[in-house]
Amino acid sequence: MELVAEQRGEILVVRAMDDRIDAAGAIQFKDQMRELTLAACPRVVLDMSRVAFLDSSGLGAVVAVMKALGPDRKLELASLTTTVQKVFRLTRMDSVFTIHDQVPEDLRQAD
Amino acid sequence: MVAPVSAPAQQSAKVIIPGDQIAVRNGLRALFDTILLRSLPEDGRSTAEIVLAEALNNIVEHAYSSHDGEIEITLHLRQNELVCKISDTGLPMPDGKLPAGILAPLEPPADLPEGGFGWHLIRSLSKDLDYRRENGRNLLSFRLDTQQCGD
């Protein structure tokens with residue numbers, strides 16, 4: 001699991017570089033996200049544009065990451081592919097997360 | 001729209017994989033690279049990948065939780081549906097029945113479920129879901145609509 005994190009002002013943008021977050025990689029994803037978000041960052045945006053497939057274990061890991069951020073920090077998602085969108089919609093997790101069509105560009109101008 | 005069907009040709013694919021997570025990932029990659037699954041419309045393909053992944057992950061996690069074994073997957077494409085049969089020699093389903101797959105409540109945020117989505121996804125996307133235990137084997141079968149609109 002390769003994750004690339006970039007601090008943009010007060011927002012940490014994390015891009016998942018692998019094409020799937022599945023049962024075989026869910027724990028690793030969760031652990032790496034936890035490490036990347038140790039620094040103080042009020043908003044975390046996960047760029048999922050390269051993730052073609054997410055299964056229920058991957059979804060559970062994304063939920064766990066959000067919960068680990070605590071009540072004062074937010075995990076937002078961006079650029080969901082077709083299959084990933086379908087998994088979020090069917091589990092109604094699309095109502096829980098803030099989901100952006102793209103990583104918001106205006107974040108770059110924030111600092 | 002009803003697409004003309006020139007011949008009731010039946011295409012099929014069969015794979016046997018070890019019952020572990022990496023083999024499931026590689027097996028799904030190989031299956032979705034077959035002409036059979038490449039021929040499906042995008043929506044049907046994504047549905048098939050979601051349902052097959054959940055069914056296979058479930059076998060690895062539960063049926064093969066205490067011993068190793070193989071998983072056999074057979075797919076038949078018949079007109080607008082994909083008939084899927086999956087068998088394994090793992091532990092039987094508790095009470096011999098498939099889980100109901102009811103989603104847990106999604107609030108409050110601190111109590112969000114991190115699991116229990118798998119059977120909900122399978123049941124939401126498949127038809128004629130059937131489970132039997134025969135001669136020490138779990139036999140799971142279902143049909144997937146390959147020409148669906150939306151969900």
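Definitions and limits used
Counting restarts for each chain, with residues numbered from 1 along the sequence as it is written. Each chain gets a letter, beginning with A, and each ligand a number, beginning with 1, in the order they are written. Only residues with pLDDT of at least 70 are given local features in this predicted model, and only at 80 or more are side-chain atom pairs given and counted; all residues enter the totals for whole chains, interfaces and linings. Based on all heavy atoms of the structure, the side-chain values leave hydrogens and waters out of the count. For this analysis, a ring pair means two rings from Phe, Tyr or Trp (six-membered ring only for Trp) whose centres lie within 6.5 Å, classed as stacked if their planes differ by under 30 degrees, edge-to-face if by over 60, and tilted for the remaining angles. Only protein chains enter the accessibility calculation, which uses a 1.4 Å probe. A residue is then buried if its area is under 20% of the maximum for its type, exposed if over 50%, and partly exposed in between. Each helix is a run of H or I in the DSSP string that is no shorter than four residues. Each strand is a run of E no shorter than two, and both are numbered from the N terminus. Throughout, a residue-residue contact means that at least one pair of heavy atoms, one from each residue, lies within 4.5 Å. As used in this structure description, the phrase polar contact means that two N or O atoms lie within 3.5 Å; if the pair is within protein, one of them must be able to donate a hydrogen and the other to accept it, and residues adjacent in sequence are counted only when both atoms belong to side chains. The predictor attaches a confidence to each residue, and that confidence, scored 0 to 100, is pLDDT. Strand pairing follows a simple DSSP-based rule, namely that at least 2 bridges must link the two strands. Only the stretch in contact is used when a helix axis is fitted, and all axes are lines through C-alpha atoms; the angle between N-to-C directions ranges over 0 to 180 degrees.

So, the packing of aromatic side chains
Residue and element names in this part refer to chain A.
Here comes step 1: Following the criterion strictly, the structure yields one aromatic pair over all chains and no others.
Here comes step 2: Ring centres 5.7 Å apart and planes at 80° place the aromatic pair Phe-88 and Phe-97 in the edge-to-face group. Phe-97 shares its class with Phe-88; the two are buried.

Examining helix α1 (residues 21-31) of chain B
Here comes step 1: Taken residue by residue, α1(B) has B:Ala23, B:Val24, B:Arg25, B:Gly27, B:Leu28 and B:Leu31 as its buried positions.
Here comes step 2: Those residues of α1(B) that are buried are in contact with β3 (20-21) of chain A together with β1 (11-18), α2 (35-38), α3 (42-63) and β2 (70-78) of chain B.
Here comes step 3: If you check the start of α1(B), you find a side-chain oxygen 3.1 Å away from the backbone N of B:Ile22, and it comes from B:Asp20.

Some details on the confidence of the model for chain B
Here comes step 1: On average, residues of chain B carry a pLDDT of 90, and 91% of them reach 70 or more.
Here comes step 2: Averaged pLDDT values for the elements of chain B fall to 90 in α2(B) and rise to 98 in strand β4 (residues 127-134) of chain B.

Quick notes on the sheet that holds β1(B)
The strands making up a sheet associate through hydrogen bonds between their backbones, and the pairing can be parallel or antiparallel.
Residues and elements named next belong to chain B.
Here comes step 1: Across the sheet, which stays open at both edges, the five strands sit in the order β1-β2-β3-β5-β4 with antiparallel pairing between neighbours. Of all strands in the sheet, those bounded by a partner on one side alone are β1 and β4. Strand after strand, the sheet turns through a mean of 15° between neighbouring axes, direction not considered.
Here comes step 2: The strands that α3 touches are β2, β3 (81-88) and β5 (137-145); relative to β5, the one it contacts most, it runs at about 165°.
Here comes step 3: Packed on one face of the sheet, helix α4 (residues 118-125) meets β4 and β5 and runs near 125° to β4.

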